[in-house]
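# Examining the three-dimensional arrangement
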Amino acid sequence: MSDSQLDTGETEHYEQENCSESMLITTDTIEEFSQEISTSLADKNGVDDGSNLKNVEATLTGGTIAKIQDGLQVDGSDGSMSKSSSFSSAKSRELTESCTSLVEESSSAVNPAQLSDGGTDQEDYLHDPNFLNKKRHVFILSSAGKPIYSMHGNEDKLATLFGVMQALVSFVQSSNDSIKSIHAMGVRFVFLVKPPLILVAISRTSHSVQQIQLQLTDVYNQILSTLTLNQMQKTFEKRKNFDLRRLLAGSERLIDHLLVNDKCDHKLVSNNPFSFMTHSVRILPLQSSVRETIVGAIQANCAKIKNLIFAVLIANNKLIALVRMKKYSIHPADLRLIFNLIECSESFKSAESWTPICLPKFDSSGYLHAHVSYLAEDCQACLLLLSIERDAFFVLSEAKRKITEKLRRSNCLEAINDAMNSKGIKLQNISIPEIRHFIYKSKSNAQLLCSELTIPYSSIGQFKRLEGMYFELHHQIHNSSRPVKLIYRMQKKEILLAWVTQAYELFAAFEPTVHRNEVINLVNKLLKWIRKEENNLFILSAPTF
């Protein structure tokens, strides 16, 4: 047997210290995400689909943003928040006004990814081996079968295929059932029905149906971040055959970037795919004193700004600091959308920007307005200040300027740059070279720790192999029909370990010559080091304005 269970009696494990309030909405079980997937947002009449998860301290029914506008009580200095006189909710906006592109360089031109397949307008993709042999396809269509998006090729040339997918969904729905997947000759056809949209993935990868559905959910959330759920539903209520591409023009590359993972560089690997797999966020390791100084600078210059919901500082797809309005947390899926937006938008580096963004897990019915800017030319960390005020650009711009000045005087910019130059935890430095690679998720705060990618996993092909093995282990250990706590697998090229406890999840690859008993000792050594360094590796507090 290649799989067996380790005796964990000798292995030390611990609970991380928890603050009384979490900055991130956290989830402990994959079953909670399965329940999310099975429930349509449309059936909830616009209620945020993260509202039933534990640790959500604000009730999201009725729209979180609308409640803040209407004077929802918070623990502020004056005990309440006054309604903004300048903010109009998404419900009352004109459709054309609401569809401002998230990126300045948006264009209605053909998706570059469509041209990269070498196809022409006359090409029949359904008979093109180059198109058919892709390992992954993702298609988006309306409930009426109208093409919206194709990961490869031009969706206009795939009308027949879109029609078949819509017919399959409708046929199953006619029996009061829903289609989830079709399996044929090693290929998975996975469906995610979120009226008025249908998302379909065709995969030859090792990802499970559930993992693919979660990725499709990320794609769906990416669309909502541009349009909001309410406006999309109202649009299709008026015109069932509406061509949604008119409103998504220019934002297709956000979906492309969310899906494509063919590079093996530290920026991409830092948050995708392992953060997606574990539903967590990777933190930029910093000395705790430096992070406290950063948080203090944000609090000092933002505390008196009314209706500011979140201040998020990120770099290389990693979170540096998050300060939030009291009683409100942010979901890792929303942070992934923020990371994706920043990674895709070079224009943010050249000037301060003001852009609307919907965070579907926070409130799928309305927009937040984001002041986006990099700290300085010599420090490429990006600060987002998210408010419900439409006219707060200059106030937030001034706050950002003061924050940067404070961080420069405190030498925090230099510390951030040093941390950004690191590619991950170096296992040689903590004297456990027998561990080739690991990922560690702290379940109490939904934060992820990854080691540096080194030989043999530093090449694209080998990294993809490691990714596939981790995803397979993750599926096995979270299999709802036969869940397990620990998997120990001996393979020709490496030894693999997957271990889930109440406090953490650990996935690791070891040298193939390591003895089973030594694996236990190495894991103990790694956990002790993480415990010792946790103040620098994770964000353990939940700072507020």
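Structure's up top.
Residues numbered from 1 in each chain as written. Predicted model: local features only at pLDDT ≥ 70, side-chain atom pairs only at ≥ 80, totals over all residues. Heavy atoms only, no water.

## Quick notes on the pattern of salt bridges
Under the counting rule described, the total for this entry stands at 15 salt bridges. For D378, the salt bridge goes to R408, with nearest N and O atoms at 2.9 Å. Placement of the pair is D378 in the loop between β11 (368–376) and β12 (379–387) and R408 in helix α15 (residues 393–409), with a sequence separation of 30 residues. Taking relative accessible area as the criterion, D378 reaches 43% and is therefore assigned partly exposed. In this structure, R401 engages E405 in a salt bridge whose closest nitrogen and oxygen atoms are separated by 2.5 Å. Of this pair, R401 and E405 both sit in helix α15, 4 residues apart, which is roughly one turn of that helix. Accessibility expressed as a relative area gives 37% for R401, which makes it partly exposed. For E405, a relative accessible area of 35% translates into the label partly exposed. Put simply, E155, D156, D243 and R245 are held in one network by salt bridges that share partners. (Salt bridge = Lys/Arg side-chain N within 4 Å of Asp/Glu carboxyl O. Helix = DSSP H or I, 4+ residues; strand = E, 2+ residues; numbered from the N terminus. Buried < 20%, exposed > 50% of the residue type's maximum accessible area, 1.4 Å probe, protein only.)

## A short note on the side chain of N536
Relative to the elements of secondary structure, N536 occurs in helix α18 (residues 516–537). A residue is classified by how much of its surface remains accessible, and N536, at 15% relative accessible area, is buried. Among residues more than four places away in sequence, those in contact with N536 are P285, L286, Q287, S288 and R291. (Contact = heavy atoms within 4.5 Å.)

## A few points about the environment of P512
Examined against the element boundaries, P512 turns out to sit in the loop between β17 (504–510) and α18. Exposure remark for P512: the relative accessible area of 28% places this residue in the partly exposed category. Once the C-alpha coordinates of P512 and Q491 are considered, the two residues, 21 residues apart in sequence, prove to be 7.1 Å apart. Filtering out sequence-adjacent residues up to four positions away, P512 remains in contact with R436, Q491, K492, K493, E494 and I495.

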